[in-house]
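Below are the chains, spelled out letter by letter.
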Amino acid sequence: MSEDFTALPGFSRRDGELFCEDLNLRKLADQFGTPLYVYSREALKTALESWLRGISGTKHRVFYAMKANSNLALLKFFRDAGIGFDIVSPGELKRALMVGAKGEDIVYSGVGKSREDIRTALRAGIGCFNVESIPELDRINEVALQEKLLAPISVRVNPDVDAKTHPYISTGLKNNKFGVAYDQTVALYRHAASLPGVQISGIDMHIGSQITELEPFVHAADKIFDIVEQLAQHGITLDHLDFGGGLGVRYTDETPPSAETLVKAVSQKASERGFADLPIYFEPGRSLVARAGVLLTTVEYLKPTQAKNFMIVDAAMNDMVRPTLYQAQMPLVNCTEREQSQQWDVVGPVCETGDFLARSIELAAQPGDVLAMTGAGAYGMSMASNYNSRGRAAEVLVSGSRAWLIRRRETIEELTALENTVPNEAFM
Ligand SMILES: *Cc1c(COP(=O)(O)O)cnc(C)c1O
C-alpha cells in the first residue's frame, strides 16, 4: 500500500515525521496516549466543501449521516456549517439537538423505529420520517394522531440496483431488509395519502455504502423518477427527493467521483426528467469524515513465526472493526520513517483470530513506534465496543497547531459502573 499524503488533505510528511495539520502525530500519541483517534478540521472542511459546491445555487440540502462518526465536536462543526443530520435512533436525535440542530433540519431513517422513538421524534418536530415498511407507516400515523401532530414522511424505496460494494454495506437490493419493494411503492403512497396523521413529504432511497461509481446512483435516480411520475398521476406531489448517502472514498486505490460530481450528475438527471425544481436531499456519512481521521496505535511486540510475521499493536478490533467486519483494506503507515520493510499481519491484543487491522502488508516498524491507520474517521470510533473490557479510545480534533481532546479515554470504573453483583445467597 503506497503512502500518498499529497492526496490526503490535512495530513503530510515533514522531515520524515507524519503530521496532522501543524502537529506531529507521534507527539500527539505521547501526549494523549494510544489508541487515539485524531481528526483534521481542515480535512473535514475540504470534504464538506465538495458537497457544498455541488448544491450551491440549488434548493438541494445535505444531511450528515451521523452514524459514521457522532462525536459532538464533529457534529457541532457540521451544524455550524449549516447542514442537517440524518439520524437512525433517538440517541442520535439527542446528539443533533445537543449541538443546536432544529427538528426540521433532521431526517429520521431506519427499519425498526419503536413507538417511543416515533413519539420522541414527533415532539422534536422532526423534518421527515423515512419510512421503511407498511406497519411502520401505520404506527407513525397512530402515534401522530395520539400526539395530535402531523408526521411528515418519505417512503424509502428499494430501487433494486446493485451498488457494487461489499454485501454487508449494500442496502438497495431486493434481498436487503431496507426499504419498500419497488413495485409496491405507489400502493403504499396511496395508502399513506388516506392516513390523517401523516403528511406525504418526499421519497427516499439509500442503496449502499462505499459506492465508487456514478452509474448505480444515476440508474437508481432514474427508477425513482419513474415512481415520482406515477405518483403525480395519482395526484400525489412531493416536496423533496432524498437521495441517501453512500458515496465512497479512497482508502487505498479506489477512484470514487467527487461529491460535487455526484450532485451534478444527479441534478442533471433530475433536469432531464423534468424535475429541475424538486429539492434533492443527500445523506452523506463516510464521504464527509472518513479521510479526516487517523487511528494512532503503538507497536507493542514483533512476533515473527514460521508461518507469518505478526506485529502486535495496542489498537484492536474493538477500536476499528472495519478490516475484520468488511474485509476493508486500510493503509497503515509508520509515523516515523524507517528502512527495511517486511511483510506483517498487524494484530491487536483481543482474543480473537479476527482481531486484525491489516494482513500481509509491507511495513518497517520497531516496538514503541506509532502507526497511523488512515481513512479511519468514518465507522471507526462510532462502531467501537468494549469487548475484552477495553475502554474505548480517546479522540482529538486538530486545527492548525492546536489540538482539543474531544473525548477522553474510558476508564475501567466507567465500564463497570452500570453493573451490579448479586450475592450468592440470593440463588438459594
Ligand atoms: C448509513 C446511511 C447513510 C450514510 O451512508 P454513507 O455510506 O456513510 O454515506 C445515509 N443514509 C442512510 C439511510 C444510512 O443508513
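Residues numbered from 1 in each chain as written. Predicted model: local features only at pLDDT ≥ 70, side-chain atom pairs only at ≥ 80, totals over all residues. Heavy atoms only, no water.

Student: What exactly am I supposed to notice about the overall build of the protein chain here?
Tutor: Each helix and strand counted, the protein chain has twelve helices and 21 strands in total. Taking 428 residues into account, the globule formula puts the C-alpha radius of gyration at 22 Å, and the protein chain, at 23 Å, falls close to it. Within the protein chain, the fraction of its 428 residues that count as buried is 56%. In the protein chain, once contacts between residues fewer than 6 apart in sequence are set aside, the share between residues at least 24 apart is 70%. Surface exposure of the protein chain reaches about 18800 Å², of which carbon and sulfur atoms provide 49%. (Helix = DSSP H or I, 4+ residues; strand = E, 2+ residues; numbered from the N terminus. Rg over C-alpha atoms; globule rule 2.2 N^0.38 Å. Buried < 20%, exposed > 50% of the residue type's maximum accessible area, 1.4 Å probe, protein only. Contact = heavy atoms within 4.5 Å. Areas by Shrake-Rupley, 256 points an atom, 1.4 Å probe, with all protein chains shown as cover.)

Student: What is the right way to look at the pairing of strand 19 (residues 370-374) in this model?
Tutor: Two faces, one strand: in a regular strand the side chains alternate between the faces of the sheet. Burial of strand 19 is extensive: five of the five residues sit out of reach of the surface. Where burial is concerned, the two faces of strand 19 agree: the one with V370, A372 and T374 and the one with L371 and M373 are both buried. Examined bridge by bridge, strand 14 (residues 293-304) and strand 19 share five bridges and lie antiparallel to one another. Bridge pairing in strand 19 places L296 opposite A372. (Pairing = 2+ DSSP bridges.)

Student: Could you clarify how one ought to interpret the environment of S360 in this entry?
Tutor: Tracing the backbone shows S360 in strand 18 (residues 356-363). Sequence spacing of S360 and L28 is 332 residues, and the spatial spacing of their C-alpha atoms is 28 Å. Setting aside chain neighbours within four positions, we find S360 in contact with Q343, W344 and D345.

Student: Help me understand the pairing of strand 6 (residues 84-87) in this model?
Tutor: A two-sided burial pattern is seen for strand 6, the buried positions comprising G84 and D86 on one face and F85 and I87 on the other. A crossover connection joins strand 5 (residues 61-65) to the parallel strand 6 through helix 3 (residues 72-80); in handedness this β-α-β unit is right-handed. Across three bridges, the pairing between strand 6 and strand 7 (residues 106-108) is parallel. Directly across from D86, in strand 7, lies its bridge partner V107. (Right-handed = clockwise from strand over helix to strand, strands pointing away.)

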